[in-house]
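Working through the structure, step by step
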Amino acid sequence: MTGCCKNETVLLQQVKGNCKAAFEEIVRKYMKQAYHIALGFVGNKEDAMDLSQEAFYRAYKNINTLDCDRKFFPWFYQILKNLCFTHLRKQSNRLRCQLDGVVEETAQHEYGLKFNPELIAEKNENKVRVWQALGQLDEKHREIIVLRHFQNLSYKQIAEALYCSKDTVTTRLYHARRMLKQILNRKEVDVK
Amino acid sequence: MTCQDYKDLMMGYLDNELDDDQKQIFEQHLLNCSDCKKELQEFRQLKEITDEVHFVELEDRIWDRYWSGVYNRIERGVGWILSSVAAIILLIYVGFKAIEDIIKDPTLGILLKVALLMLITGIATLFVSVLREKLYFRKKDRYKDVRR
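Nothing here was measured: the structure is a model prediction, and the numbers come from that model.

Things to note about the overall build of chain A
Secondary structure assignment for chain A yields nine helices and zero strands. Written out in order from the N terminus, the α and β elements of chain A read α-α-α-α-α-α-α-α-α. Going through the 192 residues of chain A one by one, you find that 54% of them count as buried. Of the contacts made within chain A by residues no fewer than 6 positions apart, 63% connect residues no fewer than 24 positions apart.

Notes on the packing of aromatic side chains
Per the counting criterion, the structure on display carries 20 aromatic pairs over all chains. Ring geometry for Phe23 of chain A versus Tyr60 of chain A: centroids 5.0 Å apart, planes at 55°, classification tilted. Placement of Phe23 of chain A in helix α2 (residues 20-42) and of Tyr60 of chain A in helix α3 (residues 45-61) is noted, with a sequence separation of 37 residues between them. Note on Tyr35 of chain A and Trp63 of chain B: the rings are 5.5 Å apart at their centroids and 80° apart in plane angle, and the pair reads as edge-to-face. Here Tyr35 of chain A, found in helix α2, pairs with Trp63 of chain B, found in helix α4 (residues 60-104), and the two come from separate chains.

Remarks on the packing of α3 of chain A against α4 of chain B
Where α3 of chain A contacts α4 of chain B, the axes come no closer than 9 Å and their chain directions differ by 50°. The angle between α3 of chain A and α4 of chain B places the two elements in the oblique class. The interaxial crossing formed by α3 of chain A with α4 of chain B has right-handed handedness. Packed against α3 of chain A, whose contacting residues are Met49, Asp50, Ser52, Gln53, Glu54, Phe56, Tyr57 and Tyr60 of chain A, the element α4 of chain B presents Ile62, Tyr66, Gly69, Val70, Arg73, Ile74 and Gly77 of chain B at the interface. When its residues are assigned to classes, the contact of α3 of chain A with α4 of chain B shows eight nonpolar, four polar and three charged.

A word on the pattern of salt bridges
According to the stated counting rule, one finds 20 salt bridges over all chains in the structure shown. Glu139 of chain A serves as the salt-bridge partner of Arg89 of chain A, at 2.9 Å between the closest nitrogen and oxygen. In this pair, Arg89 of chain A is assigned in helix α4 (residues 72-98) and Glu139 of chain A in helix α7 (residues 139-150), connecting sequence segments 50 residues apart. Ionic pairing is found between Glu42 of chain B and Lys38 of chain B, a salt bridge with its closest N-O pair at 3.2 Å. Residue Glu42 of chain B and its partner Lys38 of chain B are both found in helix α3 (residues 34-52); the two are separated by four residues, about one turn of the helix.

A closer look at the interface of chain A and chain B
Contacts between the two partners involve 54 residues from chain A and, on the opposite side, 37 residues from chain B. Broken down residue by residue, the surface that chain A buries against chain B is led by Gln53, Tyr174 and Arg177 of chain A, which jointly contribute 15%. Here chain A is connected to chain B by five salt bridges. Salt-bridge contacts for Arg73 of chain B lead to Asp50 of chain A; the nearest nitrogen and oxygen are separated by 2.6 Å. Viewed at the interface, chain B and chain A are joined by 16 residue pairs in polar contact (both at pLDDT 80 or more). Secondary-structure elements contributing two or more residues to the side of chain A that touches chain B are α2, α3, α6 (125-134), α7 and α9 (166-186) of chain A. With eleven residues, the top contributor of residues to the side of chain A that touches chain B is α2 of chain A. The residue inventory of the side of chain A that touches chain B, partitioned by class, reads 26 nonpolar, ten polar and 18 charged.

About the cut-offs
- Residues numbered from 1 in each chain as written.
- Chains lettered and ligands numbered in written order.
- Predicted model: local features only at pLDDT ≥ 70, side-chain atom pairs only at ≥ 80, totals over all residues.
- Heavy atoms only, no water.
- Helix = DSSP H or I, 4+ residues; strand = E, 2+ residues; numbered from the N terminus.
- Buried < 20%, exposed > 50% of the residue type's maximum accessible area, 1.4 Å probe, protein only.
- Contact = heavy atoms within 4.5 Å.
- Phe/Tyr/Trp six-rings, centres within 6.5 Å; stacked < 30°, edge-to-face > 60°.
- Axes fitted to C-alpha atoms, helices over the stretch in contact; angles between N-to-C directions.
- Parallel < 35°, antiparallel > 145°, perpendicular 65-115°, else oblique.
- Left-handed = near helix turned anticlockwise from the far one by under 90°.
- Nonpolar A, V, L, I, M, F, W, Y, C, P; charged D, E, K, R; others polar.
- Salt bridge = Lys/Arg side-chain N within 4 Å of Asp/Glu carboxyl O.
- Buried area = accessible area lost by both parts, 1.4 Å probe.
- Polar contact = N/O pair within 3.5 Å; in protein donor to acceptor, adjacent residues only side chain to side chain.

Written out as structure tokens, the structure is:
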């Protein structure tokens, strides 16, 4: 995650003054990161692209609520995350309706299978299983795995993005990894 | 300290987030705790597999078009606002004209005219009431100064 440099503060002030070129610069700086985070949350390319672009649009619309001295990305990340998880909840409800009222866990499992393996580079069986197991984690734990492993953020950067302490990050990461391990053990990937 | 207390240190150890003192404390614990040692090994294997998961890179032309997608949404947003405001103005104008015609029409009964006036007054009262409530809560919103 990029730090809050003076340049970004100036750009944000320009965006508040309705300068679209300044916003374009911000979008170009964060678009790949936004897309990859959304991909980790929703598991398919089309939705990730659509949701990340929508998040930028909403950030632009609400830019006046952001204090220019604060970092753009942690604030933007909240918008992106809320959009992605709202989308997932809708999908999960739809799935539950289709499958005639299955329980949350089954819906989650079914959704995990929708995590498209074609998105994985140099894929093998283990990577695909980890990817699909990620789709079966609940929101809170999926988020921390995505930020730590797929975005390679430090604990400090994750804490900034989640507006929480480093201790909370560590504890959440422990539980997320344990759950991921349990799902994979059910799928017989060699992590025992 | 119990084993549970070392779990957080275990994550930091795995991700190289510990300072030298913390690292030493955790390594000391590992020497005496086979359960934590086993769990660390399992987490290490999981981390290795998870770290290997990388996404297929998108083509450059997709990134070149990315900003257009965002820009189109911004433009459409402005379009929607303008259309909505125009539609409201037109509706009010047409409505006002229609009401004026009805009131001035001598062939229509007084009862219909009174009912129409009461309907307009009712709608106006509801609108003012909702508007006043919204403004009141906006002023009194305890969270409005929460920094985002």
